[in-house]
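Spelled out, the chains give:
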Amino acid sequence: MYIDGCWEQFPDRQHFVSVNPANGQALGSLPDGTAEDAVRAIDAAAASLQSWSATSPYFRADILQKAAANVTRERETIAELMSLEQGKPLKAARNEINYAADFLRWYAEEAKRIYGRTIPSARADQRFLTVQAAVGVVAAITPWNYPVSMITRKLAPALAAGCTIVLKPAESTPLCAKAMIDAITDTPIPDGVVNMITCSQPAAVGEILVTDPRVAKITFTGSTAVGRHIAAQAGQALKRVSLELGGHAPFIVYDDADPVHAAKGAALVKFLNTGQACISPNRIFVHENIHDEFVSTLAARTSKLQAGSGIEPDVTVGPLINEAAIQKVENQVNDAVSKGAVLQTGGFRLDEPHLSDGHFFAPTVLTGITDSMLIYREETFGPVAAVMSFNDDDDIYALANDTHYGLAAYVYTQSLQRSYEAMEKLKFGIIGINDINPTSAAAPFGGTGDSGLGREGGMEGISEYLETKTVGLSI
Ligand code: NAD
């Protein structure tokens, strides 16, 4: 754990083990943090808040740039660690580290653009102006699926705004978090500005982070259930909250789209990170005129994916994070097949000798999905492409919007009119039109409904860490 500028060693304390999901082997052990550790971390963050928020934005920018350079320098080491601890292929891990460094660089620049405004008054002897101030101590709770970029997506704007931070990374990927905090704090950053608690049972530490009156803002990425719980706790104290939660992305392919091109896109985005992404397509709607060609391309590409440990050179799809994830995927596939869905490829757990100690599920394509199936409603967070055909353009937005989630949606079309309709009618926070990667450090990311509150990334991302003060001036 990293508190007040020190890596604390606790030889006598209880530790927990981080495990490789591809083979069950232990990768390392970490101190199992407690509520008392969380209080000490908040002590440090609170003590350093005033001096950090009073620094020049140019000073903070310089530190963030140095952190970005360190992360980039350590890219190979952290990528290998991420492949081992989280499971994604090495190439995807490298991409994630680039994305993580982008947040540090983007917010280094945004620190210098924390502008206020001057506002004319109805009174001739009065002027208004606004100034922006750091919200205060931030608690950041991050997930395992993107174990390094979700740290910088929160930490970079928080530090740029002048906030100090206590990070609690996911219990499945604490070594990735440790490597990131090492790189970020190998800079002239003052003690206490960045702190990290590792723990295996997040509820007790989480409760302190959310309820301690010195924490002004909670930023969370993870499940909707935990997000709801955190928002309720934070609501009691009227704290600022940002939540990036689950998703259930529709992927619409109109009959004017190239079915092969769209299917290649669907295969790439669906199986990225073994489907463990909140923006992963969960319902793929394909116009009946091109359905069969789309499905044959998607199934052919899916069946060629090579499952294994992300660290192996030819592997294109890694393990799921744990046994519960396998069971959720199996349950959704069995439910769909029992209600009439057709398996085009996959549909089973992979248990060949070299995979049997890990959590591997065959990349799967299901067709004939209906709204009575679990997969139509529940987020899968696994490697299953669920396809249904449609024939009526007027119904497609009602179908696509038929979910409590509202994070990402995808549309394939050659029509400008349909593109605009998609932008205006889809109730999702992120819309990819002929584009499977509608994300960037420079662009806001976030959703509606059960997908959460607030935006991360872009100029919107830093405003989550700022309070606006209005000043009235009589002259
Ligand atoms: P989770 O919500 O259990 O865990 C996310 C983070 O919250 C972790 O750091 C965890 O330790 C912490 N946490 C758990 N319980 C807590 C509590 N009571 N108080 C404070 N912190 C707590 O998510 P998960 O089980 O790892 O993933 C399952 C689901 O979460 C997925 O199916 C998906 O819906 C969602 N998820 C979404 C994203 C995303 O990017 N939006 C990322 C990961 C997971």
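Please read these numbers as outputs of a predicted model, since none were measured by experiment. (Residues numbered from 1 in each chain as written. Predicted model: local features only at pLDDT ≥ 70, side-chain atom pairs only at ≥ 80, totals over all residues. Heavy atoms only, no water.)

In this section: the sheet that holds strand β14 (residues 342-345). The seven strands are arranged β14-β15-β16-β13-β12-β18-β19 in an open sheet whose pairing can be described as mixed. The sheet terminates laterally at β14 and β19 (430-433), the two strands that pair on one side only. For this sheet the average axis-to-axis angle between neighbouring strands, irrespective of direction, equals 20 degrees. Bridging between strand β12 (residues 249-253) and strand β18 (residues 408-412) involves three bridges; their strand directions are parallel. Looking at β18, one finds that Val253 is bridged to Tyr412. Helix-sheet contacts for helix α10 (residues 291-303) involve β12, β13 (281-287), β14, β15 (364-367) and β16 (384-390), and the interaxial angle to β15 is about 160 degrees. In this fold helix α11 (residues 323-338) packs onto β14, β15 and β16, with an angle of close to 30 degrees to the strand it touches most, β15. (Pairing = 2+ DSSP bridges. Helix = DSSP H or I, 4+ residues; strand = E, 2+ residues; numbered from the N terminus. Axes fitted to C-alpha atoms, helices over the stretch in contact; angles between N-to-C directions. Contact = heavy atoms within 4.5 Å.)

Glancing now at the domain arrangement of the protein chain. The domain architecture assigned to the protein chain consists of domain 1 (2-245 + 451-474) and domain 2 (249-440). Listed per partner, the contact involves 23 residues of domain 1 and 26 residues of domain 2. In this assembly, domain 1 packs against domain 2 so that about 1900 Å² is buried in total across both faces, 59% of it on carbon and sulfur atoms. At the surface where domain 1 touches domain 2, the tally comes to seven residue pairs in polar contact (both at pLDDT 80 or more). Counting only elements with at least two residues in the side of domain 1 that touches domain 2, the list comes to α3 (75-85) and α4 (90-110). The biggest single contributor to the side of domain 1 that touches domain 2 is α3, with four residues. When the residues that make up the side of domain 1 that touches domain 2 are grouped by side-chain class, the tally is nine nonpolar, nine polar and five charged. (Domains from an automatic or database assignment. Buried area = accessible area lost by both parts, 1.4 Å probe. Polar contact = N/O pair within 3.5 Å; in protein donor to acceptor, adjacent residues only side chain to side chain. Nonpolar A, V, L, I, M, F, W, Y, C, P; charged D, E, K, R; others polar.)

Moving on: the packing of aromatic side chains. Under the definition given, this model contains seven aromatic pairs. Considering the side-chain rings of Trp144 and Phe381, the 5.8 Å spacing of their centres and the 90 degrees angle between planes classify their relative orientation as edge-to-face. Of this pair, Trp144 sits in the loop between β7 (137-141) and α5 (149-161) while Phe381 is found in the loop between α12 (374-377) and β16, placing the two residues 237 residues apart along the sequence. As far as burial versus exposure is concerned, Trp144 and Phe381 are alike and both buried. With a centroid separation of 5.3 Å and an interplanar angle of 25 degrees, the aromatic rings of Phe251 and Tyr412 are classed as stacked. (Phe/Tyr/Trp six-rings, centres within 6.5 Å; stacked < 30°, edge-to-face > 60°. Buried < 20%, exposed > 50% of the residue type's maximum accessible area, 1.4 Å probe, protein only.)

Now for the site of the ligand. Taken together, 26 residues surround the ligand, and among them Trp144, Glu171, Ser223, Leu245 and Glu379 come closest. Side-chain polar atom of Trp144 to an oxygen atom of the ligand: 2.4 Å apart, as the coordinates give it. Ser223 has a polar side-chain atom sitting 2.6 Å from an oxygen atom of the ligand. Of all elements in the fold, only α7 (202-211), β10 (215-221) and α8 (224-236) reach the threshold of two or more residues within the shell around the ligand. (Near = heavy atom within 4 Å.)

Next up on the list: the sheet that holds strand β6 (residues 126-134). The sheet built from three strands is open, its strands ordered β5-β6-β22 with antiparallel pairing. In this open sheet, the two edge strands, each paired with only one partner strand, are β5 (118-120) and β22 (466-474). Between one strand axis and the next, the sheet turns by 25 degrees as a mean value, whatever way the strands run. Direction of pairing for β5 relative to β6: antiparallel, over a ladder of three bridges. Across the sheet, residue Ile119 finds its bridge partner in β6, namely Phe128.

Structurally, Ser18 can be placed in strand β3 (residues 15-19). What makes Ser18 buried here is its relative accessible area of 1%.

This brings us to the nonpolar core. In terms of nonpolar packing, the biggest core is built from 51 residues, with Leu104, Val148, Leu155, Leu159, Ile165, Met180 and Val194 touching the most fellow members. When contributions to this core are tallied by element, the ones reaching two or more residues are α2 (57-73), α3, α4, β7, α5, β8 (164-168), α6 (174-185) and β9 (194-196). Element by element, the count of residues in this core is highest for α4, at ten residues. Val148 has contacts with Ile78, Met82, Glu96, Ile97, Ala100, Cys176 and Met180, leaving out every residue within four places of it along the chain. Counting residues in each nonpolar core, the second largest holds 32 residues, with Leu320, Ala386, Phe390 and Phe428 among its members. (Core = buried A, V, L, I, M, F, W, Y, C linked by side-chain atoms within 4.5 Å.)

Burial within β12 is extensive, with five of its five residues counted as buried. Every second residue of β12 is oriented toward a common face, with Ala249, Phe251 and Val253 on one face and Pro250 and Ile252 on the other, all of them buried. Pairing analysis gives five bridges linking β12 to β13, with the strands arranged parallel. Looking at β13, one finds that Ala249 is bridged to Pro281. Following the backbone out of β12, through helix α9 (residues 259-271) and into the adjacent parallel β13, one traces a crossover that is right-handed. (Right-handed = clockwise from strand over helix to strand, strands pointing away.)

Okay, α7 next. Note on helix geometry: an α-helix contains 3.6 residues per turn, so any two residues three or four positions apart are oriented the same way. Turning to α7, its buried residues number three or more, namely Val205, Gly206, Leu209 and Val210. Seen along its axis, α7 keeps its buried residues to an arc of 130 degrees; they face one direction. Residues of α7 that are buried sit in contact with α1 (35-53), β7, β8, β10 and α8. (Arc of directions from axis to C-beta.)

Moving on to the side chain of Glu85. Along the polypeptide, Glu85 turns up in helix α3. A distance of 2.8 Å separates a polar atom in the side chain of Glu85 from the backbone nitrogen of Cys176. For Glu85, the residues in contact, after removing those within four places along its chain, are Ser18, Val19, Pro21, Leu27, Ser172, Thr173, Pro174, Leu175, Cys176 and Ile321.

The topology assignment puts Ile279 in the loop between α9 and β13. Residue classification places Ile279 among the buried positions, given a relative accessible area of 13%. Once the C-alpha coordinates of Ile279 and Ile436 are considered, the two residues, 157 residues apart in sequence, prove to be 9.7 Å apart. Every residue in contact with Ile279, bar those within four places of it in the chain, is listed here: Ala249, Leu407, Ala408, Tyr410, Ile430, Thr439 and Phe445.

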